[in-house]
Amino acid sequence: MTAKSKQIIYYSRLVHSEWNLYIAATAAGLCYVGSQNHPFEELEHWVRNRFPKGELVHDNENLQGYAAELVEYFQGTRKDFSIDFDLYGTPFQLAVWNALCEIPYGQTRSYSDIALQIKKPNAVRAVGTAIGANPVLITVPCHRVIGKNGSLTGYRGGLEMKTKLLRFENENSLIEESKQYA
C-alpha cells in the first residue's frame, strides 16, 4: 500500500537517558522510529520517500502514548508494545515485519529463520531487504535478527545501536530470570 494523498505525519524527538531519536505517527498509528542520535533530516528523507505529499507537524502531545511505551522499554519494564502501527509496505515486507514481532524479547533469530517462518525459505536475501526497510526500529524488533552463524549484520540504526539493544535485552532477561529463582 502506498500513501498518495496529503497526509499529516506528527513527529517528536524522544530523549530519555542515553536514548535520543525521532518518532513519528499518523492518525492511524506509529509509522517511524528513527536511529539513535541521527538528525531530523533522517526523518525528513524518510517522509519524502514514503509520503510525497506528507506534511511533518511537530506535536509532542500526539506522540505521548508512543513515547511512553518506548520509555518503558528503555527502562526495562516493557517487553512488548501495545501501540497501534501505521505501516506501509508490500505484502512481503508486512509479512516479514509481522514475523519480527513474534521474536521474544531477549532472543534472536536468523534471516533464514524468518524466511522459513513466512514460508519463503529461498527468500533469505529478500527478507534482509525487507528488514532493512523496517520504518519502526525497536518497536518492530529487527535488531533481534542476526546472521545464521550468530554474527551481527546490518542495521538501519547502525551496528552500535543494534549491539546496545541486544545487550540491553539480554541483561534485562538475565535479571528477570534471576528474580524467578530468587
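Residues numbered from 1 in each chain as written. Predicted model: local features only at pLDDT ≥ 70, side-chain atom pairs only at ≥ 80, totals over all residues. Heavy atoms only, no water.

**Some points on the overall build of the protein**
- What the protein contains, in helices and strands, is six helices and six strands.
- Helices and strands appear in the protein in the N-to-C order β-β-β-α-β-α-α-β-α-α-β-α.
- Against the 2.2 N^0.38 benchmark of 16 Å for 182 residues, the protein shows a C-alpha radius of gyration of 16 Å, consistent with a compact globule.
- Seen through its C-alpha atoms, the protein measures out along the principal axes to roughly 50 × 40 × 25 Å.
- Expressed as a percentage of contacts within the protein between residues at least 6 apart in sequence, the contacts between residues at least 24 apart total 61%.
- Accessible area of the protein: about 9600 Å², with a carbon and sulfur share of 50%.
- The centroid of the 19 positive side-chain charges in the protein is displaced by 9 Å from the centroid of its 19 negative side-chain charges. (Helix = DSSP H or I, 4+ residues; strand = E, 2+ residues; numbered from the N terminus. Rg over C-alpha atoms; globule rule 2.2 N^0.38 Å. Contact = heavy atoms within 4.5 Å. Areas by Shrake-Rupley, 256 points an atom, 1.4 Å probe, with all protein chains shown as cover. Lys, Arg positive; Asp, Glu negative; His and termini not counted. Charge placed at Lys NZ, Arg CZ, Asp CG, Glu CD.)

**Regarding the pattern of salt bridges**
- Counted according to the given criterion, the structure contains six salt bridges.
- The salt bridge involving Glu42 is made with Arg156; its shortest N-O contact spans 3.5 Å. Of this pair, Glu42 sits in helix H1 (residues 40-50) while Arg156 sits in the loop between strand E6 (145-146) and helix H6 (159-180); the two residues are 114 residues apart in sequence, bridging distant segments of the chain.
- Take Arg156: its relative accessible area is 28%, and that puts it in the partly exposed class.
- Among the ionic pairs, Glu69 bridges to Arg78, the shortest N-O distance being 3.6 Å.
- With relative accessibility at 9%, the residue Glu69 sits in the buried group.
- Shared partners join several salt bridges into a network, and the residues in it are Glu69, Glu72 and Arg78. (Salt bridge = Lys/Arg side-chain N within 4 Å of Asp/Glu carboxyl O. Buried < 20%, exposed > 50% of the residue type's maximum accessible area, 1.4 Å probe, protein only.)

**Digging into the UniProt feature "active site" (unreviewed entry) in the protein**
- Under the present numbering, the feature "active site" (unreviewed entry) in UniProt falls on Cys142.
- For Cys142, the location among the structural elements is in the loop between helix H5 (124-132) and E6.
- When neighbours within four sequence positions are excluded, Cys142 is seen to be in contact with Leu100, Ile131, Asn134, Leu137 and Tyr155. (UniProt positions renumbered as here; feature names shortened; annotations may be inferred.)

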